[in-house]
Amino acid sequence: MKELVNKLKGDRVIWSFVALLALFSFMPVFSASSNLAYIGHGTGNTLGYLVKHLAHICIGFLIIYWVHRVPYHYFRAISKIALPVVWILLIYTLLKGTVIAGANASRWIQVPFIGITFQTSTLAAIVLFIYVARYLSKTKEENEPFQTSLIQLWIPVFITLALILPANFSTTALIFSMVLMLTFIGKYPLKYIAFIIGSGVAMLAFFLLVAKAFPDSRFFSRVSTWESRIANFTTDKPDEDDYQIEKAKIAIASGKLGGLGPGKSVQKNFLPQSSSDFIYAIIVEEYGLVGGVSIVILYLLLLFRFVIASHKAPTLFGKLVVVGVGFPMIFQAMINMAVAVELLPVTGQTLPLISSGGSSIWMTCLGLGIIISVTKKEDEIAEEKLEKEKRKEALQRLIDKELAEDDVIPQEIYDEEPAYSIEDNSRNPMNAVLNK
């Protein structure tokens, strides 16, 4: 175990917080999955969901380990190459996306031959944040005109947002807000940011007008859901979302200070999406105010550690990557918890590292791996380079040894066959061949 820990590079505090959140997630997911178990196969046996969550967490930590060993500056070029690939995936999701049980939006694609569903918008967000960080760090000293930044920065941003918007408004709003925050930190001119905000509002208004003109189109089917959620949030009109919020508030009120105890939640049997979107309500019901506040504190401490990591990053690109990839995780967690207590309308955002779900956990772990890669110290980077050089030398010695063995021809090969020549002075010129 100690040897495994020694192989982990980067900020150990971030590693610790991530491990704590992941370990804590097992009990709430195991408890809250009973509703899915009854709906799925009628037995109420949640062991399968626990094993599935364990597999997702284990794969997630493998992703963190693999990614954190990659030098973070490699992601500069990767983001530029990956962005068009992400656009293709988003277009495919819009056209051929699937719907997961319990949700009402086609935000996932089915991975061929594996059967795993994957939410493309989560990958698109990470790639876009790194792309924006790359552009801001590249143009820090160049002071490019607005027309150039409009083409190289904002057009890719708006293309990505436009492909996510029809199926997921909350994710689009979160990504746009985080991009604006990133450009503000990267000292992009404020007057240009104001212009971009105005353009974004105008494009959203145009999208809504088109949706009103073509209400039956599948690309605008979610608009009515957005409108009803906002309207019901501001009024007392009952609907399905109000049912979810009411059950979540009952769960939170039932928890009181110390909670009902692990696995003793009642509202998990009535609350839709109790293991994902509303898992925070189940946590408070089972662990009380103490458990709910502890989760909030863990996320705030992780945010504080991200700030420290950004401050210590050796390059501007590294600083912006930590902010652009790390801060959205914390904001997503706060949005999830705010929805559970009815501070925000229902959005469908999961609780990072705690809610069940494969792609959300894996993409969170991908982002954490990139952040930890930025936090690696110079001596750790030097150690990795030394290990890489040793592996190259060992491989080269092995190749040289194999080549040397191939070049040496044993003397026995020459002794087995007598000397032979096709020259012959006999009368029959074929004797040389016949004798042979």
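This text gives an overview of the structure that appears in the document.

Definitions and limits used
Residues numbered from 1 in each chain as written. Predicted model: local features only at pLDDT ≥ 70, side-chain atom pairs only at ≥ 80, totals over all residues. Heavy atoms only, no water. Axes fitted to C-alpha atoms, helices over the stretch in contact; angles between N-to-C directions. Helix = DSSP H or I, 4+ residues; strand = E, 2+ residues; numbered from the N terminus. Parallel < 35°, antiparallel > 145°, perpendicular 65-115°, else oblique. Left-handed = near helix turned anticlockwise from the far one by under 90°. Contact = heavy atoms within 4.5 Å. Expected span 1.5 Å × (residues − 1). Patch = residues over 30% accessible without salt bridge, like charges linked within 9 Å, V, L, I, M, F, W, Y side chains within 5 Å. Areas by Shrake-Rupley, 256 points an atom, 1.4 Å probe, with all protein chains shown as cover. Salt bridge = Lys/Arg side-chain N within 4 Å of Asp/Glu carboxyl O. Buried < 20%, exposed > 50% of the residue type's maximum accessible area, 1.4 Å probe, protein only. Phe/Tyr/Trp six-rings, centres within 6.5 Å; stacked < 30°, edge-to-face > 60°. Lys NZ or Arg CZ within 6 Å of the ring centre and 35° of its normal. Polar contact = N/O pair within 3.5 Å; in protein donor to acceptor, adjacent residues only side chain to side chain. Core = buried A, V, L, I, M, F, W, Y, C linked by side-chain atoms within 4.5 Å.

### Structural notes on the packing of helix α6 (residues 74–96) against helix α8 (residues 146–164)
Reasoning step 1: In contact at an axis separation of 9 Å, α6 and α8 are set at 20° when each is read in the N-to-C sense. Taken together, the axes of α6 and α8 are roughly parallel relative to one another. You can see that α6 and α8 cross each other, and the crossing is left-handed. Residue-level inspection shows L83, W87, L90, I91 and L94 of α6 in contact with α8, the latter providing P156, I159, T160, L163 and I164.

### Points about helix α5 (residues 47–68)
Reasoning step 1: For α5, with 22 residues, the first-to-last C-alpha span of 31 Å sits near the 32 Å given by 1.5 Å per residue.
Reasoning step 2: In this structure, the buried side of α5 is in contact with α2 (12–24), α3 (26–32), α6 and α15 (358–374).

### Here we look at a nonpolar patch on the surface
Reasoning step 1: Taken together, the side chains of L257, L289, V290, V293, I297 and L301 define a hydrophobic patch exposed on the protein surface, amounting to about 520 Å² of accessible area.
Reasoning step 2: Structurally, L301 is set in helix α13 (residues 279–312).
Reasoning step 3: Judged by relative accessible area, which is 38%, L301 ranks as partly exposed.

### Things to note about the packing of helix α7 (residues 120–138) against helix α14 (residues 316–340)
Reasoning step 1: α14 packs onto α7 with a crossing angle of 150° between their chain directions and a minimal axis gap of 9 Å. Between α7 and α14, the angle is such that the two are roughly antiparallel. The interaxial crossing formed by α7 with α14 has right-handed handedness. Residue-level contacts link F129, I130, A133, R134, L136 and S137 of α7 to L316, F317, L320, V321, G324, V325 and P328 of α14.

### Some points on the packing of aromatic side chains
Reasoning step 1: The full count for this structure, using the stated rule, is eight aromatic pairs.
Reasoning step 2: On the basis of an interplanar angle of 55° and a centroid distance of 5.4 Å, the ring pair of F24 and Y287 is categorised as tilted. Of the two residues, F24 is situated in helix α2 and Y287 in helix α13; the sequence distance between them amounts to 263 residues.
Reasoning step 3: The exposure class of F24 is partly exposed, given its relative accessible area of 24%.
Reasoning step 4: A relative accessible area of 17% means that Y287 is categorised as buried.
Reasoning step 5: Counting every residue linked through ring pairs, the aromatic cluster contains F146, W154, F158, F176, Y188, Y192 and F195.
Reasoning step 6: Across the ring face of F317, the terminal group of R76 is positioned such that the distance to the ring centre comes to 4.9 Å.
Reasoning step 7: Across from the ring centre of F270, 5.3 Å away, lies the NZ or CZ of K247, which sits over that ring.

### Observations concerning the side chain of T171
Reasoning step 1: Position of T171 among the secondary structure elements: in helix α9 (residues 169–185).
Reasoning step 2: Of the polar contacts made by the side chain of T171, one reaches the side chain of N168; its length is 2.8 Å.
Reasoning step 3: With residues up to four places along the chain from it excluded, the contact list for T171 reads S121, I164 and Q349.

### Focus: the pattern of salt bridges
Reasoning step 1: Enumeration over the complete set of coordinates arrives at three salt bridges.
Reasoning step 2: For D11, the salt bridge goes to R305, with nearest N and O atoms at 2.8 Å. Of the two residues, D11 sits in the loop between α1 (2–6) and α2 while R305 sits in helix α13, which places them 294 residues apart along the sequence.
Reasoning step 3: Take D11: its relative accessible area is 10%, and that puts it in the buried class.
Reasoning step 4: Between K249 and E246 there is a salt bridge, and its shortest N-O distance comes to 3.7 Å. Here K249 pairs with E246, and both are found in helix α12 (residues 240–255), just three residues apart, close to one helical turn.
Reasoning step 5: The partly exposed category is assigned to K249, whose relative accessible area is 31%.

### Thoughts on unusual backbone geometry
Reasoning step 1: Residue E342 is not a glycine yet carries a positive backbone phi of 65°.
Reasoning step 2: Relative to the assigned elements, E342 resides in the loop between α14 and α15.
Reasoning step 3: Despite not being glycine, L353 shows a phi value in the positive range, around 70°.

### Brief notes about the environment of K9
Reasoning step 1: As for its placement among the helices and strands, K9 is situated in the loop between α1 and α2.
Reasoning step 2: Between the C-alpha atoms of K9 and T375, which are 366 residues apart in sequence, the distance is 8.3 Å.

### Here's the deal with the nonpolar core
Reasoning step 1: With 101 residues, the main nonpolar core has W154, Y299, F306 and L351 as its most contacted residues.
Reasoning step 2: Sequence-distant contacts of Y299, defined by excluding residues within four places in its chain, comprise L21, I330, A333, M334, M337, L351, P352 and I354.
Reasoning step 3: L165, F207, F220 and W226 belong to the second-largest nonpolar core, a separate cluster that totals six residues.

The quantities given are spatial measurements derived from coordinates; they are silent on function.
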